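# Structural characterization, general
Chain by chain, the residues:
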Amino acid sequence: MIASVAMMVSCTGNANQSGSAQASGDNAEKASFSVQNGISGTTGSKNCFLAELGAPITFEVAGEGDILDVTATVKVKHTDKTEVEEMTEPAKLWISGRDEDNKDVKLTLTADEDSQKKLVEWLKAPAGEEVEVVFKAKLPKADMDKLNAKECTNTLVF
């Protein structure tokens, strides 16, 4: 009887360990995305001269399957340029690079509504002012995998 209790305890213990190993295995498989460099360029209107280059980008990835929810956050710092043009479209973040076959791969994220409002006010701000901009998109996992952890061309579009 003692032997069967000991066996039950050891089997239950192993089952729990196995379950926690599976849980950590699930976490290990969670999709992630990063790039090696920060903002490398700006484009669009006169506003493209208002942001300093080099700002780091942090990414959060959620979801499962072929299309994932991606959030990119960039803290943009104002230069000493003063020419401002009213924005007619939301700001975008382009992440561009090349895959193993030397084909272009481009991911496009769009500023969320709150960030866009902050950005419009920030455009009129003096040099040195910072604003945190959040960009979001649903992106193909396959394209993200092609650019993941690589040096890319990361462009803010104002």
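Note that the structure is a prediction, hence the values are computed from the model and not measured. (Residues numbered from 1 in each chain as written. Predicted model: local features only at pLDDT ≥ 70, side-chain atom pairs only at ≥ 80, totals over all residues. Heavy atoms only, no water.)

Looking at where E151 falls in the secondary structure, it is placed in the loop between α3 (141-147) and β7 (153-157). Residue classification places E151 among the exposed positions, given a relative accessible area of 61%. In the structure, E151 is positioned 56 residues away from I95 in sequence and 9.8 Å away in space, judged by C-alpha atoms. When near neighbours in sequence (up to four residues on either side) are disregarded, E151 contacts Q36 and N37. (Helix = DSSP H or I, 4+ residues; strand = E, 2+ residues; numbered from the N terminus. Buried < 20%, exposed > 50% of the residue type's maximum accessible area, 1.4 Å probe, protein only. Contact = heavy atoms within 4.5 Å.)

Attention now moves to the confidence of the model for the protein chain. When pLDDT is averaged along the protein chain, the result is 85, and 82% of the positions lie at 70 or above. Between residues 1-28, whose pLDDT stays under 50, and residues either more than four places distant or in other chains, the model counts zero contacts. (pLDDT = per-residue confidence, 0-100.)

What follows deals with the packing of aromatic side chains. Both the distance between ring centres and the angle between the ring planes are used here to describe each pair of aromatic rings. By the definition in use, this model includes two aromatic pairs. When the ring of F33 is compared with that of F59, the centres are 4.8 Å apart and the planes differ by 85 degrees; the resulting orientation is edge-to-face. One end of the pair, F33, is in the loop between α1 (2-28) and β1 (41-43); the other, F59, is in strand β2 (residues 57-62), with 26 residues separating them in the sequence. Residues F33 and F59 agree in their burial class; the two are buried. Ring geometry for W122 versus F158: centroids 6.3 Å apart, planes at 35 degrees, classification tilted. Placement of the pair is W122 in helix α2 (residues 113-122) and F158 in the segment after β7, with a sequence separation of 36 residues. Here the two residues W122 and F158 agree in accessibility, since each one is buried. (Phe/Tyr/Trp six-rings, centres within 6.5 Å; stacked < 30°, edge-to-face > 60°.)

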